[in-house]
Amino acid sequence: MSRSHLAEASGRHLPWAAAAMLACVLSLLSWQPAQRLDLLAYDTLEPLFRGKARTQDAVVIAIDDAALDALGRWPWSRAVHARLIDRLSAAGVSAIGMPILFAEPSADDGQLAAAIAASGRVVLPVAPRQAGDAGGVADLLPTAELGSAAAMLGHVDVELDADALVRRTYSRAGSGTPRWEALALATLHLSSPAGHAAAVGQQAQSGVRVRSTASSPLWVREGELLLPYPGPDTRPPRISYHSLLERPELAEQLRGKAVFVGPTANGLDASLPTPDSRHSQPMAAVEFHARAYDALHGGLVYRSAGSSATLSFALALLALAVVVHARIQSPVIAAAAVASLALLPLAASGMTLNAWQLWVPPTPALASLLSGSLLWFGLYLQRTRGRLRHVQQDADATLRSIADAVFTIDESTRVTLTNPVAERLTGLNRDEAQGSLVGDLVREHTGQTPQIVGAVLACLQNRQTIRLPEPIDWQGPDGSHYALKLTATPVGGAGGGAVLALNDVTDAIAATIRLQHEATHDLLTRLPNRALLLDRLRLALANAQRHNSMLALLFVDLDRFKRINDSLGHDAGDAVLRDVAARLQASVRAGDTIARWGGDEFIILLDKLEDRNAVIAVALKVLEILDREFEADGNTGLLLSCSIGISVGPEDSPNAETLLSMADKAMYRGKIEGGSRYTFYSPEMNTWSRDRLDMETALHHGLANQEFELFYQPQIEIASGRLAGLESLIRWQRPGKGRVMPDEFITAAEESGIIRGIGEWAIHAAMRQTAHWNREGLLTVPLAVNVSARQFSDMAIVDTIREGLADSGLAPSMLKVELTESTAMRNPGYAAELLHSIHNLGVSIAVDDFGTGYSSLSLLKRFPVSELKIDRSFVGDVSDHDAAAIVRGTIALAHGLGMTVVAEGVETQAQLRFLADHGCDVVQGYLFAQPLPPDEIRNWLSGPPPHALHAISLLGNK
């Protein structure tokens, strides 16, 4: 980690680590200032978060000034106390707590002890006392007689907090061991029926219940009882001791109440300082014990959390502050958010009081949060000051590195600062430019000074950013020209200056011009593209209609370009296309448009023509120049030709898109008719195009609706007359048209691409049919299926055959794939790879229509071909010397290569005899049978019919 990153990480985490240390110190060490703050927080929060308590049950019988005046000087005869106890017992009080120490014997103890014992509801106090000179603490007990008579004894010990105020007592305490319950707690236990019964039983079983105890070094406390804040609203009711003796009816109000009897007169007993003593006199001890009773009775007694819990509480809140700080990006907001969390310890402490009656001191958490926030913010300010120094140091470097020319100007438009780019554009250094009026500074370099000055003044007056919409033409000191975009931005408030920025957009404008050209021109040939052609065509049509003139569109399509691309590669193809573009441009007038439509298609737009003769002249010229040899990448003697479709506007159509479509149709019609020609559009082409479109649509529907079917033509072995094989031939049962033969729809299927789907269906259907015959026990002979040129151009045909064999269960030896000679020779290298892949499946290969193409014998040897089929055009004309020679040569060639020869189209006995005489192996044709549906071909699988056998038998009669 780098030093800067280490410093930054320390700055982020050091304040919170220090805050955590502070939390540990305050939580684990008893630091009085912190304890005082916690006590003050308790006194504030407890009344706010206090739960709902029961009604007050304790009543104080006060030995007040009025009682002293009536009954005399304290202490009174214990017979007086006996009289009070008798009256209270008769009134049916629930318990009597008497925090009056009867440690010394008195003559009236017997009378008081009898009253206490008769009541059975009196709790007498126990207090800690110093155990002589030896030190230690002992229990200060009532006299033995009184103590034995009491129902229970309870300690009256309280604890002074760090602020010297009393807030708590303990459930049990005692010398050496916490044997005595608190007076309030013992009174509470005694007030219940179960507690009273237990006390009576214990008293009956006990002998002397009070005996002296040995002193102990320690007064031991157990079970903290933290009492609620002693507000005036929780003060128990008081009845004067004397009034209760004089007015018996008052005692009736105390039925079921717990009463506490004790001194309240000033100076009579040691009063206790409580939190409420800040606003009034110290609290009488009897009132304190009565309040403790009410707190216990109402379930409003709390306990304090230990130091570990307090520390955990502080660290949890501190962790929350760290998370808040990390999530908020703005330092000021983060500091404010963390500072606001200072309220959280107080709220959390109050809620724990309410929910669990647990007091968690908030000062460690509060102090650590505030200190962490202050430390973090202080370090942040220190880092910010350092960053500002760096920013100030970097500002000048940044200004110098800006690619725009920057001029800082004051409210009077005088230059105060420039950067190096501005210096280069003006030829003045910073000191030379400083103080110059901006108008004087730019006047030598541009003729648009008024616009610049106007923009600056508008910026200064309106205090808003001003941008000139058009670039400024700027001439530099060296004579270079620039295009600059001006932006004036105000700095500061009213009366402040502005920043003038000049952005060099020279290269961007040049790039835009280049992109606009590329958007309307073909990247390869630099000719206009479709978009620009359509714009020019629409304009030319409008002008032709306005001036009653004529224009023509020549749709030029290269006839044999794909061969060059496939054999020599795309680089050679691109070179040829560039050459074609150059030749086309040379064949037309300067004002005519040559556009590349796409691929090997070009459009020529001839405008302002008088008649069609001019169009024909250009078309003939284009045919002639494209018929010349081409050269590409060292390959010479490349030959092309083209087909040209011509539409005339606005005669054929005034619409640009329609006119293009017409030229396209005319070109396509010329290509169908053999190519290397021009063809004018005629209305009947629409009908032909619609028919072709209908045909393609119907083919798609036919494949989806299973309208195709397979017929089978038998192949007869001449030597034996047996059935040697079947060739599957497709038919289309077109709705509304009847049965359609392949020569009527195969071309359209190949051009539309649906031939792939039809071919796959035919292969799978033929295999399934043959496998079905085999399962029926019929004679199974090899089945020949035809593969189209489109199917052959894709290696997927291998997967189609493999899947068909797997699905049907047909043995590969029973399948034969037929392709035409021209298809095989189109790309010999690819054909060899594909045919070997098919042959490796165990499938035989046959070459159909042999003799109609231009086969190379050396290439033919590379193919795994097992059968040659002589085209029907030769078989049907064996009476002709040339045709007969071709047939004899084909048979000899095939046998020499170890191949079987099949002759198609055998329709007469003479043709059969000729083929038999010259060694032909297998024949098929109408002499034996036309293609038959599956139900009819079943008869052949049982054996050739008599007419077929008869035809073969005639060969023996010469």
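Because the structure is predicted, anything quoted here is derived from the model rather than measured.

A. Here's a closer look at the overall build of the chain. Looking only at helices and strands, the chain features 38 helices and 35 strands. The C-alpha atoms of the chain give a radius of gyration of 59 Å, which is well past the 30 Å a tight globule of 958 residues would have. Projected onto the principal axes, the alpha-carbon positions of the chain cover approximately 170 × 100 × 55 Å. Across the 958 residues of the chain, 48% fall into the buried class. Counting only contacts in the chain whose residues sit at least 6 apart along the sequence, the fraction spanning at least 24 positions is 71%. Of the roughly 45300 Å² of accessible surface on the chain, a fraction of 54% belongs to carbon and sulfur atoms. Computing the positive centroid from 83 side-chain charges and the negative centroid from 104, the chain places the two 6 Å apart.

B. Spatial organisation of the pairing of strand 25 (residues 642–649). Most of strand 25 is tucked away, with eight of its eight residues classed as buried. Of the two faces of strand 25, both are covered, the one formed by Cys 642, Ile 644, Ile 646 and Val 648 as well as the one formed by Ser 643, Gly 645, Ser 647 and Gly 649. Where strand 20 (residues 550–558) and strand 25 come together, eight bridges link them in antiparallel fashion. Looking across to strand 25, one finds that Leu 553 is bridged to Ser 647. Assessed by its sense of winding, the connection that carries the chain from strand 25 through helix 25 (residues 656–672) to strand 26 (residues 677–680) is left-handed.

C. Region of interest: the sheet that holds strand 26. What the five strands build is an open sheet, ordered 21-22-20-25-26; its pairing is mixed. Strand pairing shows two members of the sheet lacking a second neighbour, strand 21 (593–598) and strand 26, which therefore form its edges. Geometrically, the sheet is characterised by an average inter-axis angle of 25° between neighbouring strands, direction not taken into account. Both strand 20 and strand 22 (residues 601–609) contribute to a ladder of seven bridges, which runs antiparallel. In the sheet register, Leu 553 faces strand 22, and the bridge partner there is Leu 605. Each of strand 20, strand 21, strand 22, strand 25 and strand 26 is contacted by helix 25, which is oriented at about 145° to strand 25, the strand it contacts most.

D. Seen up close, unusual backbone geometry. Omega for the bond connecting Trp 74 with Pro 75 falls within 30 degrees of zero, at 5°, which places this linkage in the cis form. Locating Pro 75 in the fold gives a position in the loop between helix 3 (65–71) and helix 4 (78–91). The omega torsion across Gly 649 and Pro 650 is -5°, close enough to zero to call that bond cis. Turning to its location among the elements, Pro 650 is positioned in the loop between strand 25 and helix 25. Although it is not a glycine, Gln 357 sits at a positive phi angle of roughly 55°.

E. How the structure looks around the environment of Pro 364. When you line up the elements, Pro 364 lands in helix 15 (residues 363–401). Setting aside chain neighbours within four positions, we find Pro 364 in contact with Ala 23, Leu 26, Ser 27, Asp 38, Thr 310 and Ala 314.

F. Quick peek at the pairing of strand 32 (residues 844–850). Most of strand 32 is tucked away, with five of its seven residues classed as buried. Judged from the five bridges that link them, strand 31 (residues 815–820) and strand 32 form a sheet pairing that is parallel. Across the sheet, residue Lys 816 finds its bridge partner in strand 32, namely Ser 844. Inspection of the sheet shows strand 32 paired to strand 33 (residues 867–870) by three bridges, in the parallel sense. Paired with Ala 846 across the two strands is Glu 867, which belongs to strand 33.

G. Region of the structure containing the packing of aromatic side chains. Scanning all chains against the criterion turns up twelve aromatic pairs. Seen from their ring centres, Phe 708 and Phe 745 are 5.9 Å apart, and the 50° between their planes marks the pair as tilted. With Phe 708 in strand 27 (residues 708–717) and Phe 745 in helix 27 (residues 742–752), the pair connects residues that are 37 residues apart, well separated along the chain. Each of the two residues, Phe 708 as well as Phe 745, counts as buried. Joined through ring pairs, the aromatic side chains of Phe 708, Trp 732, Phe 745 and Trp 761 make up one cluster. Across the ring face of Trp 597, the terminal group of Arg 530 is positioned such that the distance to the ring centre comes to 4.2 Å. In this structure, Arg 583 packs its charged tip against the face of Phe 630, placed 3.6 Å from the ring centre.

H. Up close: a nonpolar patch on the surface. Judged by side-chain polarity, Val 25, Leu 28 and Leu 29 come together as a nonpolar surface patch covering roughly 270 Å² of accessible area. Among the structural elements, Val 25 can be located in helix 1 (residues 3–28).

I. How the structure looks around helix 11 (residues 285–298). For helix 11, with 14 residues, the first-to-last C-alpha span of 20 Å sits near the 20 Å given by 1.5 Å per residue. Burial within helix 11 is extensive, with 14 of its 14 residues counted as buried. Phi for Gly 299, located one or two positions after helix 11, is positive at around 70°.

J. Representation of the nonpolar core. In this structure, Leu 699, Ile 801, Leu 912, Leu 915, Val 923, Phe 928 and Trp 940 are the most contacted members of the largest nonpolar core, which totals 82 residues. Examining the composition of this core, we find that eight residues originate from one element, helix 28 (residues 755–775), more than from any other. If we ignore the near neighbours within four places in the chain, the residues touching Trp 940 are Pro 714, Ile 716, Leu 723, Phe 928, Ala 929, Leu 932, Pro 945, His 947 and Ala 948.

K. Layout of the pattern of salt bridges. By the definition in use, this model includes 33 salt bridges. One salt bridge connects Asp 109 with Arg 78, and the closest N-O pair in it is separated by 2.5 Å. In this pair, Asp 109 is assigned in helix 5 (residues 109–119) and Arg 78 in helix 4, connecting sequence segments 31 residues apart. Overall, Asp 109 belongs to the buried group, its relative accessible area being 4%. A relative accessible area of 10% places Arg 78 in the buried class. Among the salt bridges present, the one from Arg 722 reaches Glu 717, with a minimum N-O distance of 3.1 Å. For Arg 722, a relative accessible area of 45% corresponds to the partly exposed category. The partly exposed category is assigned to Glu 717, whose relative accessible area is 23%.

L. Focus on the environment of Pro 735. Relative to the elements of secondary structure, Pro 735 occurs in the loop between strand 28 (723–734) and strand 29 (738–740). C-alpha of Pro 735 to C-alpha of Gly 702: the two residues are 33 residues apart in sequence and 8.8 Å apart in space.

M. Seen up close, helix 30 (residues 796–808). For helix 30, spanning 13 residues, the distance from its first C-alpha to its last is 18 Å, which sits close to the expected 18 Å at 1.5 Å a residue. Taken residue by residue, helix 30 has Ile 797, Val 798, Thr 800, Ile 801, Gly 804, Leu 805 and Ser 808 as its buried positions. The buried residues of helix 30 occupy one face: seen down the axis, they fall within an arc of 160°. Summarising the geometry of helix 30, the exposed residues directed more than 90 degrees from the buried face are Ala 806 and Asp 807. Packed against the buried residues of helix 30 are helix 28, helix 29 (789–792), strand 31 and helix 32 (828–839). Backbone geometry just after helix 30 places Gly 809 at a positive phi near 80°.

N. Quick look at the packing of helix 4 against helix 5. It is at 8 Å that the axes of helix 4 and helix 5 come closest, and there the two elements cross at 15°. As the angle between them shows, helix 4 and helix 5 are arranged roughly parallel. Taken as a pair, helix 4 and helix 5 cross one another with a handedness that is left-handed. Residues Arg 78, Ala 79, His 81, Ala 82, Ile 85, Asp 86 and Ser 89 of helix 4 form the contact with helix 5, whose own contacting residues are Asp 109, Gln 111, Leu 112, Ala 115, Ile 116 and Ser 119. Residue classes in the contact of helix 4 with helix 5 are distributed as six nonpolar, four polar and three charged.

O. Structural detail: the packing of helix 30 against helix 32. Relative orientation of the contacting elements helix 30 and helix 32 amounts to 10°, with a least axis distance of 10 Å. The angle between helix 30 and helix 32 places the two elements in the roughly parallel class. Counted together, Ile 797, Val 798 and Ile 801 of helix 30 and Leu 834, Ser 837 and Ile 838 of helix 32 form the full contact between these two elements.

P. Broad picture of the confidence of the model for the chain. Mean pLDDT for the chain: 84, with 91% of residues reaching 70 or above. Looking over the chain, one finds the lowest element-wise mean pLDDT in helix 8 (residues 193–205), namely 60, and the highest in strand 2 (residues 95–97), namely 95. Within the model, the stretch residues 204–209 combines pLDDT values under 50 with eight contacts to residues more than four positions away or in other chains.

Cut-offs applied
Residues numbered from 1 in each chain as written. Predicted model: local features only at pLDDT ≥ 70, side-chain atom pairs only at ≥ 80, totals over all residues. Heavy atoms only, no water. Helix = DSSP H or I, 4+ residues; strand = E, 2+ residues; numbered from the N terminus. Rg over C-alpha atoms; globule rule 2.2 N^0.38 Å. Buried < 20%, exposed > 50% of the residue type's maximum accessible area, 1.4 Å probe, protein only. Contact = heavy atoms within 4.5 Å. Areas by Shrake-Rupley, 256 points an atom, 1.4 Å probe, with all protein chains shown as cover. Lys, Arg positive; Asp, Glu negative; His and termini not counted. Charge placed at Lys NZ, Arg CZ, Asp CG, Glu CD. Pairing = 2+ DSSP bridges. Right-handed = clockwise from strand over helix to strand, strands pointing away. Axes fitted to C-alpha atoms, helices over the stretch in contact; angles between N-to-C directions. Phe/Tyr/Trp six-rings, centres within 6.5 Å; stacked < 30°, edge-to-face > 60°. Lys NZ or Arg CZ within 6 Å of the ring centre and 35° of its normal. Patch = residues over 30% accessible without salt bridge, like charges linked within 9 Å, V, L, I, M, F, W, Y side chains within 5 Å. Salt bridge = Lys/Arg side-chain N within 4 Å of Asp/Glu carboxyl O. Expected span 1.5 Å × (residues − 1). Core = buried A, V, L, I, M, F, W, Y, C linked by side-chain atoms within 4.5 Å. Arc of directions from axis to C-beta. Parallel < 35°, antiparallel > 145°, perpendicular 65-115°, else oblique. Left-handed = near helix turned anticlockwise from the far one by under 90°. Nonpolar A, V, L, I, M, F, W, Y, C, P; charged D, E, K, R; others polar. pLDDT = per-residue confidence, 0-100.

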